[in-house]
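Analysis of the macromolecular model
Here is how the chains run, residue by residue.
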Amino acid sequence: MATKFCMECAGEFIETVDICPDCGVELVDERPADRIESTGHREDGQVTYELHEWAVESRVMLQQLLESAGIRHAWSGTDLLASASLEPRIDLLVEQVEVTTLPTLDPELAKIAYDIEDWSDEQQTLLMHALDEVAIAYEFDLDGALVVLEENEERVEALLDRIEFPDALPVDDDPNRDATGDGDGDGDGDAEDAGRDSVDGLEAAEVMSDLFVAADRLQRNARDAEGVLTLVARADVAGQLRLPYGFSRPVWRDIVVQATTVKDLLEGTDSDDATIEEHAKVLRDTLRQYV
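Residues numbered from 1 in each chain as written. Predicted model: local features only at pLDDT ≥ 70, side-chain atom pairs only at ≥ 80, totals over all residues. Heavy atoms only, no water.

Across the sheet, which stays open at both edges, the three strands sit in the order 3-5-4 with antiparallel pairing between neighbours. With partners counted over all chains shown, the strands left at the sheet margins are strand 3 (46-50) and strand 4 (74-76), one partner each. On average, each strand axis in the sheet is tilted by 30° relative to the strand beside it, whichever way the strands run. Taken together, the three bridges between strand 4 and strand 5 (residues 79-83) define a ladder with antiparallel strand orientation. Residue pairing across strands places Ser76 opposite Asp79, the latter belonging to strand 5. (Pairing = 2+ DSSP bridges. Helix = DSSP H or I, 4+ residues; strand = E, 2+ residues; numbered from the N terminus. Axes fitted to C-alpha atoms, helices over the stretch in contact; angles between N-to-C directions.)

With 61 residues, the main nonpolar core has Leu62, Ile90 and Leu146 as its most contacted residues. Discounting chain neighbours no more than four positions away, the residues touching Leu146 are Ile112, Ala113, Tyr114, Ile116, Leu127, Leu131, Tyr138, Glu139, Phe140 and Val156. In terms of nonpolar packing, the next biggest core, distinct from the first, is built from six residues, Cys6, Cys23, Val25 and Leu27 among them. (Core = buried A, V, L, I, M, F, W, Y, C linked by side-chain atoms within 4.5 Å. Buried < 20%, exposed > 50% of the residue type's maximum accessible area, 1.4 Å probe, protein only. Contact = heavy atoms within 4.5 Å.)

So, about the sheet that holds strand 8 (residues 146-149). If you trace the three strands from one edge of the open sheet to the other, you get 6-8-7, paired in antiparallel fashion. Either end of the sheet is taken by a strand with one partner, and the two such strands are strand 6 (111-114) and strand 7 (139-140). Note: strand 7 against strand 8, two bridges, orientation antiparallel. Bridging from a neighbouring strand, Glu139 pairs with Val147 of strand 8.

What follows is the structure, given as structure tokens:
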């Protein structure tokens, strides 16, 4: 026998029942995601979002965000159904999807696509949040592949690796650090780490300040001698620092990748000034909020 379901309490009823007797909301044909916690009984009805004009990848993105936020919902074809009490929260997610899927990539610039179809919903959601956090513009094509500007390839691949292989350990060039990261294993690891955290925090601030000044000079003149020398030297130091206090790993990794990219361009023999200045400007703009 066909049945219907309540969006609010997830109750199941026979097909002839249209309204949940407990919650007073209209029943739907599709079972809500049972693993999502109920928001409790309300009597303010149901809201419907007609999303037939959206691309498939946009609805997939919204589905991922709804699940990540723990919002009970159901789909009736391309229409999203949910309790009216959740409308303000859903409106924010709908707006986020619409902003994210706008054609933000310059059509004149080279692009690169990444197939993430096999990724879990959680991984894809983490990726979108990480890209937003480091201000990398992206789109999804009709096949659901992630599309970014080719100039951001190294930064994006660093994020992809971090999310796809979260248990991968970073290379540690310090011969005195043991496998636990507590120093040389002599029992004083906690005290040494506390001191090292303080030193690394101060050094990170100094490195970012120096990189900012160097990038500011290079965005105006790719051959500025002082800018070149400072950026090359401090980019190497940044790559050796531990994660500074107050920084998420994707953000710090992105700063290091950007600095290393400019350094590699400066040391390359076929890099043109315009490319160096463009990447230096991106690095400067990123660092500006931290120095």
